[in-house]
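Take a look at the letters that make up each chain.
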Amino acid sequence: MSGRLWRAVTALGSLTVVVIGWQLLTVWSESYFFPPPSKVFPHLWSGNGGIAEPPYLSSSPSDLFLGAGFYEDLVPSMWRMLRGYAMAAAVGIGVGTALGLSRAARQYTDWIINFVRAIPPPALLGIWIVVFGLGDGPKIYLIAFAVVWPILLNTIDGVASVDEQRMQVAAVFKIPFRRQLTGLYLPSASPKIISGMRISLGFALIMMIISEFAGATNGLGFRLKEDLSFFNFPDLWATMILLSAIGLLLNGLMFWAEARILGWHRKASEVSNL
Amino acid sequence: MNSTALSVDSVGHVYGQGTVEQFHAIGEVSFEVDRGEVVCIVGPSGCGKSTLMRIMAGLMRPSNGMVSLDGHPIEGVPADLAMVFQDYSRSLFPWLRVRPNVEYPLRHLAKAERAQRATDALADVGLSAHDRKYPWELSGGMQQRVALARALAVQPRILLMDEPFASVDAQTRSDLEDLVLEIHAETGITIVLVTHDIDESVYLADKVIALSAQPSTVLETIEVDLPRPRNQLDTKESSNFLHYRHHAYELLHR
Amino acid sequence: MNHGSGPSASIVRGAAGFLIFLALAEMAVSTGIVDVGSIPPPTEIAAGMFELITSASFLAQVWVTVKGAAVGLGAAIVAGVTLGVLLSTSALFRRLLLPVIEVVRPLPGVAYAPLLIAVFQRGLMSRSLTVAIACTWPILFNTRSGFDAVDPIAIQTARSFSETKFGLIRRVSLLSASPFIFTGVRISASIAIIVEIAVEILIPDGTGIGGFLADAGSGGVDLATIYGATFVAGLLSLLLNFGLNTIDNRLFAWRQGLGA
């Protein structure tokens, strides 16, 4: 416990040092592109009127300290990311399980998967705006297309490498297929599936930003682009800080989920070793 | 001839000194190795033999006492010392082929000299034909021969071997034992070999140092007076051999 | 074993599956099951691809993308390996740098693009710098885990032959870690192309595959050509993967000797 406390204290300390160093450097350099944090942080809740985009936070408790930017940009971004991610998880686990169960299916789809997977997702943005329009659709599909691969491939791998002896046990006891699926294949594959989902979550944040680089009218990626067009650097930095915080949050979430899953995994392997 | 090469003087070692998990590996060990001698250190597993070997090699500092080579206290690895580890698969570098593995310690030499020494050393261990292979493409016994060749290429004055034959099968093991005897007869190099095999220690050694379980101390130093050259059949069937073996066995299983 | 095993069967089935997929797509699109307006038939896309690959002006844009990604990846290799080695071998650097890295890393590399474009203008510098930032992390972390995985026996062996501290890093740890580092490079290579194209799309000026696509999307270029350009980008990254795989298998065949 004290080790954890100490780590938190040193982390907080180094964070403070970084911010102070950043402040001193930017004040000293007087660069237009690198505004000091004393100017950047207030942008998170006050903006500076005029060309500034709506701030993400608010100083008023009656707004729950949330500003217009929170509802107009952050929530739509996160909502699109979540939907794209959920779509990728559903398709990845569903298709991955089907392919994992049949070697012939894996072989027949091998080239297709490798070919489609090689397409750099941002290259699809242009077409999909033309095809699906400027709404949420192309952005969600783009995120889903980009992040489905780690989930799909890990699911295939996990389901295909289920222990043969366990499969024979299931066959000997004439367990119906549905129960084999929920009681054998998916649980055995779950550590790999979760690890694929973990990789994909980090990637989803990146793709969320990219998907808003073109054909968007709101969202955090859109804000980065707008701030560049209007040379609004304090706001640009504020958005970058917000994105860092989201990234940190997602990292923590992944860490937490993996620790839980690994705990389950460890217990399970202990039992099977008895 | 009979001057002291290596002297181990009241060496003791405690791992994690001062902590709750501290482990007293070596109590107090003293012995001397004369120049040109083969000395085997034998003891039960976990008796701190490998720790002692790493201290002798200068890879570790002992908690107490000191080791000196040719009268100079050892601080860091001495230049004219070479070592063969038990785990050849981890001690040979998998990214280098056999010949570069053998040449690895010879970097300070000119290229021609390096090549010559590697050629000689590989010939000594009977691996001339395999010098372009990767170590992991060879059998365990052959890999350990490469490790031996690498140590010999340094032309060390003292060769330390840490359970060198513990990871190979019985047949290969006796072949390698004979190879070590052959090399010793040819070069007269000083050899210190750690083993848990009593037969092996008596068969190879001029002097067997029997260690107790941890924290280890010297139970007895047995002078082995068996004629050289030795061989697997005559030596191991002689009554003297059986006598030494019997004595060492009793010491270690008391 | 049962039928369908062996490498030749998997190649035959892979190719067959791919062709069947293309044929079905062709049929679906040309019979009108799928709206022709949104997806052109594969034959038209293939024709579009061929036209693009033989057009010098498009190849010039491909070269822009390749150059931006390659320069960025190269810089990331230098930065990632250097930082990884420093962090693995020096407690001082760990103390100084790790907290900074923890703060900086959660921000996705593409988010630096607007700032870098503002500072360096559009062009190779801003694009490859963004690529470099995004690609440094996988290389850095793989270098670290490669150093963590160096066998202590290998290090003791080197030390028993009086290896110097610097030599230990250069001739033992770095070599032992090199398959890990290369894995990081392979991961980063895919990221490099993705980030490069994303930055080209951010403020499109017609350069690079991303710029070409952004222009095409807004101005009357037919869909078959746009899809064609997209698949050329896919082909590019397929080729890159294949090349890196080949290098990996050749250069690091000794990997199987690690940790046996």
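These remarks concern the structure in this document. (Residues numbered from 1 in each chain as written. Chains lettered and ligands numbered in written order. Predicted model: local features only at pLDDT ≥ 70, side-chain atom pairs only at ≥ 80, totals over all residues. Heavy atoms only, no water.)

With respect to helix α9 (residues 220-229) of chain A
Reasoning step 1: Burial of α9 of chain A is extensive: 8 of the 10 residues sit out of reach of the surface.
Reasoning step 2: When α9 of chain A is considered as a whole, its buried residues turn out to be Leu220, Gly221, Phe222, Arg223, Leu224, Glu226, Asp227 and Leu228 of chain A. (Buried < 20%, exposed > 50% of the residue type's maximum accessible area, 1.4 Å probe, protein only. Helix = DSSP H or I, 4+ residues; strand = E, 2+ residues; numbered from the N terminus.)

What about helix α6 (residues 170-187) of chain B?
All names here are of chain B.
Reasoning step 1: Its 18 residues place the ends of α6 26 Å apart at the C-alpha level, agreeing with the 26 Å of an ideal helix rising 1.5 Å per residue.
Reasoning step 2: Listed in full, the buried residues belonging to α6 are Thr172, Arg173, Ser174, Leu176, Glu177, Leu179, Val180, Leu181, Ile183 and His184.
Reasoning step 3: At the N-terminal boundary of α6, the capping side chain belongs to aspartate 169, with an oxygen 3.3 Å from the backbone nitrogen of glutamine 171.
Reasoning step 4: Of the residues flanking the end of α6, it is glycine 188, one or two places downstream, whose phi is positive at about 65°. (Expected span 1.5 Å × (residues − 1). Polar contact = N/O pair within 3.5 Å; in protein donor to acceptor, adjacent residues only side chain to side chain.)

Describing the interface of chain B and chain C
It is common to report an interface's size as the accessible area lost on association of the parts.
Reasoning step 1: Facing 25 residues of chain B, the contacting portion of chain C comprises 22 residues.
Reasoning step 2: Here chain B and chain C share an interface that buries about 2100 Å² over both sides, 64% of which is from carbon and sulfur atoms.
Reasoning step 3: Of all residues in chain B, Arg90, Trp95 and Trp136 of chain B give up the largest surface area on contact with chain C, accounting jointly for 33% of the area buried on that side.
Reasoning step 4: Viewed at the interface, chain C and chain B are joined by 2 salt bridges.
Reasoning step 5: Close ionic contact of arginine 90 of chain B with aspartate 151 of chain C constitutes a salt bridge, the shortest N to O distance being 2.6 Å.
Reasoning step 6: Summed over the shared surface of chain B and chain C, the result is 6 residue pairs in polar contact (both at pLDDT 80 or more).
Reasoning step 7: Going through the elements one at a time, β6 (81-84), α2 (88-91) and α5 (140-153) of chain B are the ones with two or more residues in the side of chain B that touches chain C. (Contact = heavy atoms within 4.5 Å. Buried area = accessible area lost by both parts, 1.4 Å probe. Salt bridge = Lys/Arg side-chain N within 4 Å of Asp/Glu carboxyl O.)

As for the pairing of strand β3 (residues 38-42) of chain B
For a regular strand, side chains alternate in direction, first toward one face of the sheet and then toward the other.
All names here are of chain B.
Reasoning step 1: Of all 5 residues that make up β3, 5 are buried, and the element is covered over most of its length.
Reasoning step 2: The side-chain alternation of β3 yields two buried faces, one formed by Val38, Cys40 and Val42 and the other by Val39 and Ile41.
Reasoning step 3: Sheet topology places β3 next to strand β8 (residues 190-195); 5 bridges connect them, and they run parallel. From the neighbouring strand, valine 39 faces β8, where its bridge partner is valine 192.
Reasoning step 4: Direction of pairing for β3 relative to strand β9 (residues 207-211): parallel, over a ladder of 4 bridges. Each residue of the ladder has a partner; that of valine 42, found in β9, is alanine 210. (Pairing = 2+ DSSP bridges.)

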